[in-house]
There are 2 protein chains.
Amino acid sequence: MVIETIIGLVAATLTTISFLPQVIKTWKEKSAKGISQFMYILFCSGVLLWLVYGLVIFDLPVIVANAVTLILASTVLYFRIVYH
Amino acid sequence: MVIETIIGLVAATLTTISFLPQVIKTWKEKSAKGISQFMYILFCSGVLLWLVYGLVIFDLPVIVANAVTLILASTVLYFRIVYH
C-alpha cells in the first residue's frame, strides 16, 4: 500500500471515531450544555452530502467513513436536542 | 461542473464551516462544559493527517478545506483546555 493511502486511511479512521467520546460523554452526563446545535446541524448536513457523494462516485471508503460519522454525529445532535 | 463535484464542494463547505458556530458559542460563553476534549484531540489529529494527505497528493481543495477545519477545530480544543 502506498504511503498516501495509509495516511488517508488513518486520517479517515481518526475523524470518524472522534465523535464516539462525545456521544459517550453526553450520554453519561445527560447534558449537552456548551455544544453548539447549529454546528451539528451544519456538520450532519455536510456528512450526509459526503455520503451522497460517495454513493454517486461509488467509493466504498467514502461511503463507510461518512455513514459511521453520520450515525455518531446525528446521535450527538439528538442528545443536544433531548438533553438541553 | 459535474453534479458530483458540486455535491462534494457543498459537502466540504458545510463540514468545514460547521465548527465556526461552536467557536463563537464557546468564546462568548467562556465555557466549554459538555464538550469532549478527547473528541477534539482525535478530530484535530485526523484533520492534520488529512492536511498532510492533501499536501502529499497535492490536491488544493483537500488542503484548503482541512487547513480551515484544523484552525477552527484547534480553536475549540484550545478553548476547551483554557475555559474548563
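Look up a bit, the structure's there.
Below is a short write-up of the structure. Just so it is clear, the model here is predicted, and its values are computed rather than measured.

### Looking at the nonpolar core
Logical step 1: F19, Y40 and F43 of chain A together with F19, Y40 and F43 of chain B are the most contacted members of the largest nonpolar core, which totals 34 residues.
Logical step 2: Those elements that provide at least two residues to this core are α2 (19-29), α3 (37-57) and α4 (60-83) of chain A together with α2 (19-29), α3 (37-57) and α4 (60-83) of chain B.

### Structural notes on unusual backbone geometry
Logical step 1: We note that K30 of chain A has phi near 50°; this positive angle belongs to a residue other than glycine.
Logical step 2: By the element assignment, K30 of chain A lies in the loop between α2 and α3.
Logical step 3: Residues other than glycine seldom take positive phi values, yet F58 of chain B does so here, at roughly 50°.
Logical step 4: Along the chain, the position of F58 of chain B falls in the loop between α3 and α4.

### Remarks on the packing of α2 of chain A against α4 of chain A
Residue and element names in this part refer to chain A.
Logical step 1: Two elements in contact, α2 and α4, have axes separated by 9 Å at closest approach and are oriented at 25°. Taken together, the axis directions place α2 and α4 in an arrangement best described as roughly parallel. Here α2 runs over α4; the crossing is left-handed. Between α2 and α4, the residues in contact are F19, L20, Q22, V23, T26 and W27 and T69, L72, A73, T75, V76, F79 and Y83, respectively.
Logical step 2: Split by residue class, the contact of α2 with α4 holds nine nonpolar, four polar and no charged.

### Some points on the pattern of salt bridges
Residues and elements named next belong to chain B.
Logical step 1: If you walk through the whole model with that rule in mind, you get two salt bridges over all chains.
Logical step 2: Among the salt bridges present, the one from E29 reaches K25, with a minimum N-O distance of 3.1 Å. Remark: K25 and E29 occur in helix α2; sequence separation between them is four residues, near one turn of the helix.
Logical step 3: Looking at E29, the relative accessible area reads 41%, which means it is partly exposed.

### Here's the deal with α4 of chain B
Logical step 1: Here α4 of chain B is 24 residues long and its end C-alpha atoms lie 34 Å apart, about the 34 Å a rise of 1.5 Å per residue gives.
Logical step 2: Of all the residues in α4 of chain B, the buried ones are I63, A65, N66, T69, L70, L72, A73, V76, L77, F79 and R80 of chain B.
Logical step 3: Buried residues along α4 of chain B sit against α2 of chain A together with α1 (3-17), α2 and α3 of chain B.
Logical step 4: One side-chain oxygen at the N-terminal end of α4 of chain B lies 3.1 Å from the backbone nitrogen of V62 of chain B; it belongs to D59 of chain B.

### Considerations on the packing of aromatic side chains
Logical step 1: Under the definition given, this model contains 13 aromatic pairs over all chains.
Logical step 2: Ring geometry for F43 of chain A versus F43 of chain B: centroids 6.4 Å apart, planes at 75°, classification edge-to-face. Of this pair, F43 of chain A sits in helix α3 while F43 of chain B sits in helix α3, each in a different chain.
Logical step 3: On the basis of an interplanar angle of 45° and a centroid distance of 6.1 Å, the ring pair of Y78 of chain A and F79 of chain A is categorised as tilted.
Logical step 4: Cluster of aromatic residues (ring-pair linked, three or more members): F19, Y40 and F43 of chain A together with F19, Y40 and F43 of chain B.
Logical step 5: The positively charged end of K30 of chain A is found above the aromatic ring belonging to W27 of chain A, 4.5 Å away from the centroid.

Thresholds, definitions, all that
- Residues numbered from 1 in each chain as written.
- Chains lettered and ligands numbered in written order.
- Predicted model: local features only at pLDDT ≥ 70, side-chain atom pairs only at ≥ 80, totals over all residues.
- Heavy atoms only, no water.
- Core = buried A, V, L, I, M, F, W, Y, C linked by side-chain atoms within 4.5 Å.
- Buried < 20%, exposed > 50% of the residue type's maximum accessible area, 1.4 Å probe, protein only.
- Helix = DSSP H or I, 4+ residues; strand = E, 2+ residues; numbered from the N terminus.
- Axes fitted to C-alpha atoms, helices over the stretch in contact; angles between N-to-C directions.
- Parallel < 35°, antiparallel > 145°, perpendicular 65-115°, else oblique.
- Left-handed = near helix turned anticlockwise from the far one by under 90°.
- Contact = heavy atoms within 4.5 Å.
- Nonpolar A, V, L, I, M, F, W, Y, C, P; charged D, E, K, R; others polar.
- Salt bridge = Lys/Arg side-chain N within 4 Å of Asp/Glu carboxyl O.
- Expected span 1.5 Å × (residues − 1).
- Polar contact = N/O pair within 3.5 Å; in protein donor to acceptor, adjacent residues only side chain to side chain.
- Phe/Tyr/Trp six-rings, centres within 6.5 Å; stacked < 30°, edge-to-face > 60°.
- Lys NZ or Arg CZ within 6 Å of the ring centre and 35° of its normal.

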